[in-house]
Amino acid sequence: MTFSHQPSMFWKFDLHSSSHIDTLLERDEVTLKELMDEEDILQECKAQNRKLVEFLLKSECLEDLVTYITEEPPLDMDEKIRYKYPNLSCELLTSDVSQINDRLGEDESLLKRLYSFLLNDSPLNPLLASFFSKVLSILISRKPEQIVAFLKKKDDFVDLIIKHIGTSAIMDLLLRLLTCIEPPQLRQDVLNWLNEEKIIQRLVELVHPSQDEDRHSNASQSLCEIIRLSRDQLLQVQNSPEPDPLLATLEKQEILEQLLSNIFLKEKNESAIVSAIQILLTLLETRRPANTVQDRQMRSLLTTRASSFGDRVPSSWLQMSVLVLMHYGASWSYRLSLVLMHDETDVMKTTWGVLDPPVGNTRLHVIRLIASLLQTNTHSINIELIELNTIGVIL
């Protein structure tokens, strides 16, 4: 290699050349779209390029970015690029640049524009819903006081969450609201607010044969996550001054009765049955050894004083299963066996034979529920299941 080639080699590998975005930003008339057409805009934003961040913080730019993720792109656009700008807008708004978080979280007009997405009819566009949820979730995490205050002023927020719960991104948003708020008192305020809005009762109402499968599944998943999150929190903060109101509501006997009634409705719906059983299984989950002295004492107490618990099921998962069975007695176990025998699926032909009928997802979940009840090793439960030949029915 000759000496004359060395300068060109040096410039070829120069890592300090300025970004083309900087060059574009020198122009007074540069547009947001022109910048978004640059491949390195997201990288430059995350690197907190000062000129770029200042440009994005302009009111009209932030308004456009929020509009991209809340309004349907034109139908006549090429499908390959139709969601290019909404997707990139979401990435820019969630790049976790503190100045962008601050402006979004504190500008009520921008928050109203963002919130307007929930006002659309169902079903929501799932892709735009994921963008919306992602943006609001990072704001909940980074600007919790402002976002909670904004949402609590919206009388229709919980109504809209329930309306759109069949869209998975909206379910995720609800769970983010329960998990991403770190200040303990603010988190407690959110729990109290959602409980006052009867979020638990309204989610349980969705696990009903009259609703569609997506709403069954997402309502059930939301309730299961709420149970697990609340119990994990209780184990971590054992001396919490205030109980978790959502968990307390979920453990009320009236909620269990509603879930069980949905299983036993004459109008059989496999999705509703499975979703209701998933919630019951989560309520019955054992998160600690079930044979502690405390549990043995509580089991004895329940046998003699089940009625003393009033309308709220005790917080011990062992206690709960016993109380449920005591309340429903033989009638409950008998109807559960009938669900087991219910023909839920058409004949299934396989390469090695015919299943008439196949076990199916519903029977599998009923069997799991029976197994969960057996794990409590409660004498009355064991005797009932033997007398009803439940194991024989399962086999």
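Residues numbered from 1 in each chain as written. Predicted model: local features only at pLDDT ≥ 70, side-chain atom pairs only at ≥ 80, totals over all residues. Heavy atoms only, no water.

Quick look at the packing of aromatic side chains now. Inspection of every chain in the model, using the stated rule, returns five aromatic pairs. For the pair Tyr-68 and Tyr-85, a centre-to-centre distance of 5.7 Å together with 25 degrees between the ring planes defines the contact as stacked. Taken together, the residues span a long stretch of sequence, with Tyr-68 in helix α6 (residues 59-70) and Tyr-85 in helix α7 (residues 84-93) at a distance of 17 residues. Of the residues examined, Tyr-85 reaches a relative accessible area of 12% and is grouped as buried. Judged by centre distance (5.8 Å) and plane angle (20 degrees), the ring pair of Phe-157 and Trp-193 falls under stacked. Here Phe-157, found in helix α12 (residues 157-163), pairs with Trp-193, found in helix α14 (residues 184-196); they are 36 residues apart in sequence, far enough to count as distant. (Phe/Tyr/Trp six-rings, centres within 6.5 Å; stacked < 30°, edge-to-face > 60°. Helix = DSSP H or I, 4+ residues; strand = E, 2+ residues; numbered from the N terminus. Buried < 20%, exposed > 50% of the residue type's maximum accessible area, 1.4 Å probe, protein only.)

A few words on the side chain of Thr-167. Within the secondary structure, Thr-167 sits in the loop between α12 and α13 (168-179). Beyond its immediate sequence surroundings of up to four residues, Thr-167 is in contact with Leu-124, Ala-129 and Asn-218. (Contact = heavy atoms within 4.5 Å.)

Attention shifts here to unusual backbone geometry. The linkage connecting Ser-122 with the following residue, Pro-123, adopts the cis geometry, with an omega of -5 degrees. The topology assignment puts Pro-123 in the loop between α9 (108-115) and α10 (126-142). Although it is not a glycine, Asp-96 sits at a positive phi angle of roughly 60 degrees. Within the element layout of this structure, Asp-96 appears in the loop between α7 and α8 (98-106). Backbone geometry at Lys-198 places phi at a positive 60 degrees, although glycine is not the residue there.

With that settled, the discussion passes to helix α11 (residues 144-152). Within α11, the full set of buried residues consists of Pro-144, Ile-147, Val-148, Phe-150 and Leu-151. The arc that holds the buried residues of α11, viewed along the axis, is 160 degrees, so those residues lie on one side. Buried-residue contacts for α11 involve α8, α9, α10, α12, α13 and α14. (Arc of directions from axis to C-beta.)

Our focus in this paragraph is α9. Each turn of an α-helix holds 3.6 residues, which means side chains three or four residues apart point in the same direction. Regarding α9, the residues found buried are Leu-110, Leu-111, Leu-114 and Tyr-115. Projected down its long axis, α9 shows its buried positions confined to an angular sector of 135 degrees, all on one face.

So, on to the pattern of salt bridges. Per the stated rule, a full pass over the model turns up 14 salt bridges. The partner of Lys-134 in a salt bridge is Glu-91, with the nearest N and O atoms 3.2 Å apart. Taken together, the residues span a long stretch of sequence, with Lys-134 in helix α10 and Glu-91 in helix α7 at a distance of 43 residues. Residue class for Lys-134 comes out partly exposed when judged on its relative accessible area of 38%. (Salt bridge = Lys/Arg side-chain N within 4 Å of Asp/Glu carboxyl O.)

Below, the discussion takes up the side chain of Asn-262. Counting through the fold element by element, Asn-262 comes out in helix α18 (residues 253-264). At 2.4 Å, the side chain of Asn-262 forms a polar contact with the backbone oxygen of Val-207. Non-local contacts of Asn-262, meaning those with residues more than four positions away in its chain, are made with Val-204, Val-207, His-208 and Ile-273. (Polar contact = N/O pair within 3.5 Å; in protein donor to acceptor, adjacent residues only side chain to side chain.)

To continue, consider the packing of α8 against α9. Angle between the axes and distance between the axes are the two parameters that describe a pair of packed helices. The contact between α8 and α9 brings their axes to 5 Å, and the two run at 80 degrees. When the interaxial angle is binned, α8 and α9 end up roughly perpendicular. Packed against α8, whose contacting residues are Arg-103, Leu-104, Gly-105 and Glu-106, the element α9 presents Glu-108, Leu-110 and Leu-111 at the interface. Residues that form the contact of α8 with α9 fall into these classes: three nonpolar, one polar and three charged. (Axes fitted to C-alpha atoms, helices over the stretch in contact; angles between N-to-C directions. Parallel < 35°, antiparallel > 145°, perpendicular 65-115°, else oblique. Nonpolar A, V, L, I, M, F, W, Y, C, P; charged D, E, K, R; others polar.)

Counting through the fold element by element, Arg-113 comes out in helix α9. Residue classification places Arg-113 among the partly exposed positions, given a relative accessible area of 32%. Spatially, the C-alpha atoms of Arg-113 and Thr-70 are 7.9 Å apart, while their sequence positions differ by 43 residues. Other than its neighbours up to four places away in sequence, Arg-113 contacts Glu-63, Val-66, Thr-67 and Thr-70.

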